Every structure is written in C-alpha cells, then in structure tokens.
Amino acid sequence: MKRLSGLYAQLRPFLLAAMSAGLCGGITHAAMADPPGGLPHPDQAALRRTVTALVGFGTRHTLSTTTDSRRGIGAARRWVADRFAADGAACGGCLSVETIGDRFTGPRAPDGVRVEDVLAVQKGTTDLDRVVIVQAHIDTRVNDVMDATTDAPGANDDASGVALVMEAARLLSRQHFPATIVYAVLSGEEQGLWGGELLARTAKARGWQVASVLNNDIVGNTHGIGGEHVDNRVRVFSEGIRVAADAAGIKAQRATGAEDDSPSRALAKAVVMQAAAHPGIGLSVRAVRRPDRFMRGGDHIPFLAEGFPAVRFTEAVEDYDRQHQRVRIEAGRQYGDTIAFVDFPYLARVTALNMAVLSNLAAAPAAPATATIAGALSDDTTVTWTAVPGAASYRVRWRLADGTAWTDQHNASADATSLVLKNVNIDDHVFGVSALSASGAESLVTFAGMPPRPIPGHTH
C-alpha cells in the first residue's frame, strides 16, 4: 500500500512524546475481562490491523480514485469486501458479500459520484426478514471537504467504526441467530450521508423488517480536546419525537407521554441494559436524548427518516483537532486523525458492547407490533399487546412517569396477550411490553398507550 505523507516523519517525535505521556491508546489500560454469557472476545490486535490497513490507503475520500489498486476509496472498499469474503469462507459460507451502489449529486459532489456500500449478510435461521444492522463509514476528509487527493488517514473517523464492524462480523459469523445480521461499510457520509441513505433505501425496497441499526462513528478515542480522559463510557444518541411520524403520529406520541419511548429511544435503552448485563465489558452508556451531537449528523439519520429504529455510538469525549484535519503541526500543536491516537483497548470495549446488543436482538423474537393500556378512573392498569410468533414469553415493564429507565417488570406466558397490574395507577406510570426467546433474549420494548377517549360526563 502507498505510504502516507512524509509529515508522519515530522510528527514522530510528537507521537512518541504523546505515547510516553500515556495519551495514546493501548498503554494505560488493564486487559478487558471476558464478557459473560458466551460472547466472543474482540481482538485488539485484529482491530489495530484493520485500522492500519485502512490508513494505508492514503485517502478514502468519496471523490478519490476508484481505479488505483493501492490508494483511494475504491481500493479500500475492495479490501473490505475481500476481508468479508475470507471471513465468510472461514465459516463455511455463512456471510453473503455484496456491493450496492448508486449515483449521488449534491453541493459536495456537484459533478456527481457513485457511492458504494459493502455488505456482509449473515442470514438468520428462522426469521430471515427481520434484520439487525451494524454499520460504519469508510470515507474520510480533511479541512476542505472537496479535497480528494490530500492524505486523509481517518484512523478514528471512521476506520475505528469500520474495524468494529469487521471484527463483529469475524466473530459473530461463527454463531447462529434466528434473525439476519447485516454488517455494513458505507461510503459518502462526509459528502451527504449518502451511504446511509443508500442502505436505508435498499432495506426498504427489499422488505427488510429492520429491528435496529447500530451506527458506529468515531468510537476509538478517549481524550477530549479539553484534556479529559474517559475510557469507561460511550455515548449513544437517539431520537425522541419520530422524524418519520406524520402529524397524527406525533400528536399520539405526545398525548401518551411516549416522547422518551420511541423505537430508537427503546434501542438506546436496550444498549444501556446490555452494558449493565455485561459488566465485564467495562463500559457505561450515556444515553443522550437527541438524534446526534449538536448540529451534526451521521449515517443513522437516513434510517430514522425511513422509520427504522437507529442509534449512533460515539466515544465519550472528542478531540476536534483529530477530526476533518489535514495532518500537520502549527505552532507546536498537532492536527490530524492518525492511528497514534486510537485507543484500541477502548475500541475493543465498544466492539464488545455492540456485539452484545447484536447477539441479544438477533436471538430475540420481534417486538410486539402494538401495546395499549386501559385503567382510567381505576387503581389498576391493564396492559394488552399483540402476539409475536415464536415468543416464549413476554415481559411487561413499567416505571413512574417522571423517570426514564424501566424499574419494574412482570413476565407473562407465551399464550398471554394481556396482564392486569394491581395497584399500579395508569396516571402515575408509563408501560411497555417486550417479547422473550426461550433463552431469555429480549426484543425492544414496545411502548404501551393510546390517546384517552373522552368519557361522557368526565372532561377533566
């Protein structure tokens, strides 16, 4: 592969100093304990090899060369496809690898560009149309978003996410799940979220029942621009009021107090629960209640527009000198997204958490399509839900209406479609229902509620 700019030689003293000070990944952490529950352990060395290889393509800008065998986004995408194919061959053909593409035009590609996504599809055993997606974007940029030739290593943004997706594919493809898992490496994010749009559109056209989308973008750094160091937490962003809802849907969501229980918010809460269920991973989750960072976006946004549950994983603290910057030194200050500042023990933790969420949702039944509550003018609440094919049982969850996390639960049998909660007041609580597999894997929680119907003689 083509070597990157000679600036790396100039930066070497600074990088060595940073490593000596403990500012770079891989030197200040104890080894991550094996996650419980039989999850395979992400390999830090494998993650590093992937990031190193991706950086070695020089630039992966969406408008960069697609014909050079050693440099540019075309070579990088072909390398990813080859790696996916090798992993599929190692598990006896368990991964179906394909490249989808379309042409996009916009302010950041005025002459148009073909955007391609590389997919590795692990077909489910019994529920093939229900799909969980884990994704990251392969393209990079520097300060000038139209500069397609300058070296743009993109080690953290977003080779870290691509390495996570590829490691998850390598490890989880050895297992079997009822639902289908799609491992997706997207292009065009920096030019307009086009890779996410392409995959969301493809999912809809193919009739995929998308249960969740885990978008991983900037997940390998533990040092903030303000000097913070956080290696035991990750942020997960999710929408509340649904961007895909029509006026009636938004009105219903507000009328029932469901602003914190949209499908994407339910997915974020599932991530929080998986982190708590696997303390050996060593990560807590800050569930940020907005679709993305302030005035910024990522490849999960097009999925939200299509009505699919989607969240974004991003490191706890960011260093903006390492994002969208040409590699350089100015006044003794180093800029550029280089591999020296990727924390691989941390990246392994975020990978493990993604794998825990993927494994649970791919093993679980579908979430109940609907759930409703009744109990106005009563001290009891009746929760009713639609049956889910293949569910071994159901879990009714509730919490006080001034909280965000589920605090109470009661399981119901496979043939049940309703449950009466004695002395649980409908006005003071909110409710939801999930479906469970025989092994205990849990679907997303479907919020239970409907706009109250007027009762004659009772207007308040």
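Residues numbered from 1 in each chain as written. Predicted model: local features only at pLDDT ≥ 70, side-chain atom pairs only at ≥ 80, totals over all residues. Heavy atoms only, no water.

1. Thoughts on the overall build of the protein chain
Alright, step 1. Regarding its fold elements, the protein chain presents ten helices and 17 strands.
Alright, step 2. For the protein chain, buried positions account for 57% of its 460 residues.
Alright, step 3. Within the structure as shown, the protein chain displays about 18,700 Å² of accessible surface, and the carbon and sulfur contribution to it stands at 53%. (Helix = DSSP H or I, 4+ residues; strand = E, 2+ residues; numbered from the N terminus. Buried < 20%, exposed > 50% of the residue type's maximum accessible area, 1.4 Å probe, protein only. Areas by Shrake-Rupley, 256 points an atom, 1.4 Å probe, with all protein chains shown as cover.)

2. Section: the packing of aromatic side chains
Alright, step 1. Scanning all chains against the criterion turns up four aromatic pairs.
Alright, step 2. Plain terms: the ring middles of Phe303 and Phe308 are 6.4 Å apart, the flat faces sit at 50° to each other, and that makes the pair tilted.
Alright, step 3. Across from the ring centre of Trp406, 5.6 Å away, lies the NZ or CZ of Lys269, which sits over that ring.
Alright, step 4. Above the ring of Phe341, the side-chain terminus of Arg322 is found at 4.0 Å from the ring centroid. (Phe/Tyr/Trp six-rings, centres within 6.5 Å; stacked < 30°, edge-to-face > 60°. Lys NZ or Arg CZ within 6 Å of the ring centre and 35° of its normal.)

3. Examining the sheet that holds strand S12 (residues 381–385)
Alright, step 1. A sheet is described by the order of its strands in space; here three strands give the open sequence S11-S12-S15, paired in antiparallel fashion. The outermost strands of the open sheet, each flanked by one partner alone, are strand S11 (371–374) and strand S15 (418–421). The sheet shows a mean angle of 20° between the axes of neighbouring strands, direction not considered. (Pairing = 2+ DSSP bridges. Axes fitted to C-alpha atoms, helices over the stretch in contact; angles between N-to-C directions.)

4. Quick look at the side chain of Thr314
Alright, step 1. Relative to the elements of secondary structure, Thr314 occurs in strand S8 (residues 310–315).
Alright, step 2. Only 3.0 Å separates the side chain of Thr314 from the backbone oxygen of Asp217, close enough to count as a polar contact.
Alright, step 3. Among the polar contacts listed, one links the side chain of Thr314 to the side chain of Arg312, at a separation of 2.6 Å.
Alright, step 4. Those residues in contact with Thr314 that sit more than four places away from it in its chain are Asp217, Ile218, Val219, Val234, Arg235, Phe237 and Arg293. (Polar contact = N/O pair within 3.5 Å; in protein donor to acceptor, adjacent residues only side chain to side chain. Contact = heavy atoms within 4.5 Å.)

5. Some words on the state of the cysteines
Alright, step 1. By the definition in use, this model includes one disulfide.
Alright, step 2. Between the sulfur atoms of Cys91 and its disulfide mate Cys94 the distance is 1.6 Å. Looking down the S-S bond of the Cys91 and Cys94 bridge, the torsion is -75°, so its handedness is left-handed. (Disulfide = S-S within 2.5 Å.)

6. Quick look at the environment of Ala441
Alright, step 1. Counting through the fold element by element, Ala441 comes out in the loop between strand S16 (429–436) and strand S17 (446–448).
Alright, step 2. Among the residues examined, Ala441 registers a relative accessible area of 8% and is labelled buried.
Alright, step 3. Ignoring any residue separated from it by four or fewer positions in sequence, one finds Ala441 in contact with Asn360, Ala363, Ala364, Pro365, Ala435 and Leu436.

7. Focus: the nonpolar core
Alright, step 1. Ranked by internal contacts, the top residues of the largest apolar core, which has 68 residues, are Val80, Phe84, Tyr183, Phe313 and Leu353.
Alright, step 2. In terms of residues, this core owes the most to one element, helix H10 (residues 344–363), which gives 13 residues.
Alright, step 3. In contact with Val80, other than residues within four places in its own chain, are Leu54, Val118, Ile138, Met166 and Val185.
Alright, step 4. In this structure, Val182, Trp194, Ala200 and Phe308 belong to the second largest nonpolar core, which totals 24 residues. (Core = buried A, V, L, I, M, F, W, Y, C linked by side-chain atoms within 4.5 Å.)

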